Amino acid sequence: MDAGPDGGTGAGSDGGSGGGLDTAFFVAWLEEAAGEIARQRDRLTELDAAIGDADHGTNLDRGFSEVLRALRETPPASPAQALTTAGATLIRRVGGASGPLYGSAFRQMGKALEMIGAPGAAVTPAALAEAFGTGVVAVERLGKAAAGDKTMIDALAPASRALSKAVRDGLETPQALERAAQAAAEGARATVPMTARRGRASYLGERSVGHEDPGAASAALIVAALAAAASRTAAG
Ligand code: ADP
Ligand code: MG
C-alpha cells in the first residue's frame, strides 16, 4: 500500500493550519477515541446499567480495540480509508445498537470524504465538517431517531452544527474542533432530563428521566477525541 506522504507525518503537520487533515490525523482521532473509551468504559457501562442493559462501555471498548487492530494490520492509505475501516469493523464487531450506528457514521463519513476530495489527499476543515454531518444523518436514518429522543444524536447533531459554524466563521481547526467537543458535551448533559424515545431506554418511558444517555456520553468522548487529535498532531 502507499501510505506515501501521509504516513507518520502527522506531527507538526496540518492539525492547526487549516491547510488539511491527513491520514495520520484520522488515525490519531481513532486512537484518542479508543483510549478515552477504554478509560471511561466503566462509566459508560454504569450509565447503560441505569437505563439499558449495562453493556455500552464493554461493547464500545471491544469495538474500538478491534478498530485499532484493523488499522495496525492494514495501515490506511487515506483519511477516507481510515474511517471506512473503522466503520466496517464497528459494524462487524460491536453487538448492540451502538455498533451499527457508529459503524454507519464512520463508514458514511469515509464515503463522503472519498466523494469530496481526491483519494489520499488531506482533508480541509470544511470537508471534515461536511463529512461529519453526513455521518450524523446516517445515524438518524438508521436509528430513526431525532433530536430530543435521548440518544447519541443529541450529542452528535449539536457537535455537527457547532463544527460547521466554527469552520464558516474561519476558526483555526483546533478551536473549531474544541467548539464541537463542547457542544457534544453540553448535548450529552442535556439528555439527563429527557424521556427516551428510541432504543432500549425507551422501554423505561418516564423512568429514563434523570439519567444521561450512554450513547450521548460516548458520542461526546468521540467528538472530544477529534479535538485531542488536533492538538496532538499539531503539537507533535
Ligand atoms: P444496546 O442498547 O443494544 O444495548 P448499546 O448499549 O451499545 O446498545 O448502545 C446504547 C445507545 O445507543 C443508547 O444510549 C443510544 O444513545 C444509542 N441508540 C440506541 N438506539 C438508537 C436509535 N434508534 N437511534 C439512535 N441512537 C440509538
Ligand atoms: Mg446496552
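In this text the structure is predicted, and so the values were computed from the model without any measurement. (Residues numbered from 1 in each chain as written. Chains lettered and ligands numbered in written order. Predicted model: local features only at pLDDT ≥ 70, side-chain atom pairs only at ≥ 80, totals over all residues. Heavy atoms only, no water.)

Colleague: Looking at this model, I keep getting lost on the coordination of the magnesium ion (ligand 2). Mind explaining?
Modeller: Under ideal tetrahedral coordination, the four donors around a metal are separated by 109.5 degrees; under ideal octahedral coordination, the six donors are separated by 90 or 180 degrees. Here the magnesium ion (ligand 2) is held by the protein donor atoms Asp48 (OD), Asp53 (OD) and Asp55 (OD), which lie 2.0 to 2.2 Å from it. Overall, the relative accessible area of 21% leaves Asp55 in the partly exposed class. (Donors = N, O, S within 2.8 Å, 3.2 Å for Na, K, Ca; no water. Buried < 20%, exposed > 50% of the residue type's maximum accessible area, 1.4 Å probe, protein only.)

Colleague: Would you mind going over helix α2 (residues 41-51) with me for this structure?
Modeller: Note that an α-helix has 3.6 residues per turn; residues three or four places apart therefore point the same way. Those residues of α2 lying buried are Leu44, Thr45, Leu47, Asp48 and Ile51. End-on view of α2: buried residues confined to an arc of 155°, all on one side of the axis. (Helix = DSSP H or I, 4+ residues; strand = E, 2+ residues; numbered from the N terminus. Arc of directions from axis to C-beta.)

Colleague: Please clarify how the site of ligand 1 should be interpreted in this entry.
Modeller: Around ligand 1, 20 residues are found, and the nearest of them are Asp53, Ala97, Ser98, Gly143 and Asp213. Here an oxygen atom of ligand 1 sits 3.0 Å away from a polar atom, N or O, in the side chain of Asp55. Looking at side-chain class alone, the shell around ligand 1 contains six nonpolar, eight polar and six charged residues. (Near = heavy atom within 4 Å. Polar contact = N/O pair within 3.5 Å; in protein donor to acceptor, adjacent residues only side chain to side chain. Nonpolar A, V, L, I, M, F, W, Y, C, P; charged D, E, K, R; others polar.)

Colleague: Just to check I follow, could you spell out the packing of α2 against helix α3 (residues 56-73) for this structure?
Modeller: Helix packing geometry: the angle between the two helix axes and the distance between the axes. The geometry of α2 relative to α3 is characterised by a closest axis approach of 6 Å and an angle of 140° between their N-to-C directions. The orientation of α2 with respect to α3, classified from their angle, is oblique. Touching Arg41, Leu44, Thr45 and Asp48 of α2 are His56, Gly57, Thr58 and Asp61, all from α3. Residue composition of the contact of α2 with α3, grouped by class: one nonpolar, four polar and three charged. (Axes fitted to C-alpha atoms, helices over the stretch in contact; angles between N-to-C directions. Parallel < 35°, antiparallel > 145°, perpendicular 65-115°, else oblique. Contact = heavy atoms within 4.5 Å.)

The values are spatial; any link to function lies outside them.
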